[in-house]
Structures are given as structure tokens and as C-alpha cells.
Amino acid sequence: MNRPKTKLSDRDIIAQCVLFLIAGFETTQATISNMFYELAINPEVQERLRTEIAEAVDGLPVGGDAYNEAVMTGIPYLEAVIKETLRKYPPVVRLERRLVDEKYALKLPNRDEPLTLKKDQLIEISTVAVHYNPEYYSDPEAFNPERFMPENKHLLVPYTYLPFGDGKSSSNNLLSVVSIVINLFFYFRAKELVKLEI
């Protein structure tokens, strides 16, 4: 596809940088807020997470290589809690894709004829609809980090976990969240102060 080359002005570049910075902070902040809400109303999950974090970093000097390695890779339950938070509260609620093939026939359940999609047609995917589909996640309203534990990964259906789309862009957000959560857990405990009806 031959597209005309566009030159970005300094102002355009700065605007894009500010957008990336704000978007990164907002998704991290929202993930942490939602996670602490879930931990407050699910104290058994919070206590298990606190215990696993404490055991993983026990005796390790904060900021050292062994500490960082333990924090980033040695606490599977922390990763599961973050992933379950992102499943329930995805930062990206819908994905947009444009069809690049000339024509594509999409087979749909409960329909005899396939749906024909044409080149340049915009397709929207509701991340929330996928994440809350009981066909993929049993009891989807429940906060259940066990779904994402290593021993349960074989139960996950590919392309049904899309908090940031289907790419690898979630890893930077995960690292930020892990770092902040570890530090907050040393000083704070989440508690439900008022019973909220949602």
C-alpha cells in the first residue's frame, strides 16, 4: 500500500509524547485503584498476596538484583492478581481493526451463511464482552486470580484475554504495577470502609 509520507512538526511530536505519557500513567493508576478495591472486598486474596510477597522478598536487600528478580518473576500470585484485575477492568474497552484482505468470510454460531467482510471495513471487538463471557471465564463477575495461576494456564482460551489488545504492550504496564504494589504493600493494607452496592 503506497501512502503519502507525512512529516510531523515538532508540535505534533510533543503532543504525541504527552499523550503516551498521560495514557501510561492513567492505565497504571486505574489498574492499581481497581486492584486495591478488589483486595479490600476480597480480604482472603489480599492476605494470600501479602504472605506470598513477604515470603518472596524475605531477607533480600531492597533494590538488589536478587530482590528485583524475586519481585518481577518470583511471585506468580501477584501476576495473577494483576491479570485478574485487568480482566475485570480492562484499560482498553474496545479494539478496532481494519480488514486488509479483499474479502473475508466469518463463520458465526447460529447462522447458516457466513458474514462477509470487505477490505477496509472497520471491525470493533468489545474487550469487556470477551472478558465477561462465561464461555471463557466461569463466574466472570467474581474476582478469581486462580484463573491466571501457572497450573491453570491450559484452561485459558487464546485471544480471550485482551486488556491492551492482542499484542505485548501490557508488559510495561505490568512492571509499573508490580513495582508500585510491592512498595504499597509494605506500608498499607486495603480495607473496605463502607459496603458499596454495585
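Rules behind the numbers
Residues numbered from 1 in each chain as written. Predicted model: local features only at pLDDT ≥ 70, side-chain atom pairs only at ≥ 80, totals over all residues. Heavy atoms only, no water. pLDDT = per-residue confidence, 0-100. Helix = DSSP H or I, 4+ residues; strand = E, 2+ residues; numbered from the N terminus. Expected span 1.5 Å × (residues − 1). Buried < 20%, exposed > 50% of the residue type's maximum accessible area, 1.4 Å probe, protein only. Salt bridge = Lys/Arg side-chain N within 4 Å of Asp/Glu carboxyl O. Phe/Tyr/Trp six-rings, centres within 6.5 Å; stacked < 30°, edge-to-face > 60°. Lys NZ or Arg CZ within 6 Å of the ring centre and 35° of its normal.

**Overview of the confidence of the model for the protein**
Phase 1: Averaged over all residues, the pLDDT of the protein equals 83, while 81% of them reach at least 70.
Phase 2: Between the elements of the protein, mean pLDDT differs from a low of 64, seen in helix α6 (residues 170–185), to a high of 94, seen in helix α5 (residues 127–131).

**Here's the deal with helix α4 (residues 76–88)**
Phase 1: If you check α4, its first and last C-alpha atoms are 18 Å apart, about what 13 residues at 1.5 Å a residue would give, namely 18 Å.
Phase 2: Buried residues dominate α4, accounting for 11 of its 13 residues.

**Description of the pattern of salt bridges**
Phase 1: Scanning all chains against the criterion turns up nine salt bridges.
Phase 2: Residue glutamate 38 pairs with lysine 88 through a salt bridge whose shortest N-O separation is 2.9 Å. With glutamate 38 in helix α1 (residues 10–41) and lysine 88 in helix α4, this pair connects stretches of sequence that are 50 residues apart. Taken individually, glutamate 38 and lysine 88 each receive the classification buried, so the pair is uniform in this respect.
Phase 3: Of the charged contacts, one joins glutamate 52 and arginine 48 as a salt bridge, the two residues approaching to 2.9 Å between their closest N and O atoms.

**Focus on the packing of aromatic side chains**
Phase 1: Overall, the coordinates contain two aromatic pairs when judged by the stated rule.
Phase 2: Taking 6.4 Å as the distance between ring centres and 40 degrees as the angle between the ring planes, the aromatic pair formed by tyrosine 137 and phenylalanine 148 counts as tilted. Placement of tyrosine 137 in the loop between α5 and α6 and of phenylalanine 148 in the loop between α5 and α6 is noted, with a sequence separation of 11 residues between them. Each of the two residues, tyrosine 137 as well as phenylalanine 148, counts as buried.
Phase 3: Plain terms: the ring middles of phenylalanine 148 and tyrosine 161 are 5.0 Å apart, the flat faces sit at 55 degrees to each other, and that makes the pair tilted. With phenylalanine 148 in the loop between α5 and α6 and tyrosine 161 in the loop between α5 and α6, this residue pair connects regions lying 13 residues apart in the sequence.
Phase 4: The ring of tyrosine 77 carries the charged tip of arginine 48 above its face, separated from the ring centre by 3.8 Å.
Phase 5: A cation over a ring is seen here: arginine 87 above tyrosine 132, with NZ or CZ 5.5 Å from the ring centre.

**Some details on unusual backbone geometry**
Phase 1: The backbone of aspartate 139 sits at a positive phi, close to 50 degrees, despite the residue not being glycine.
Phase 2: Following the sequence through the fold, aspartate 139 ends up in the loop between α5 and α6.
Phase 3: Accessibility expressed as a relative area gives 53% for aspartate 139, which makes it exposed.

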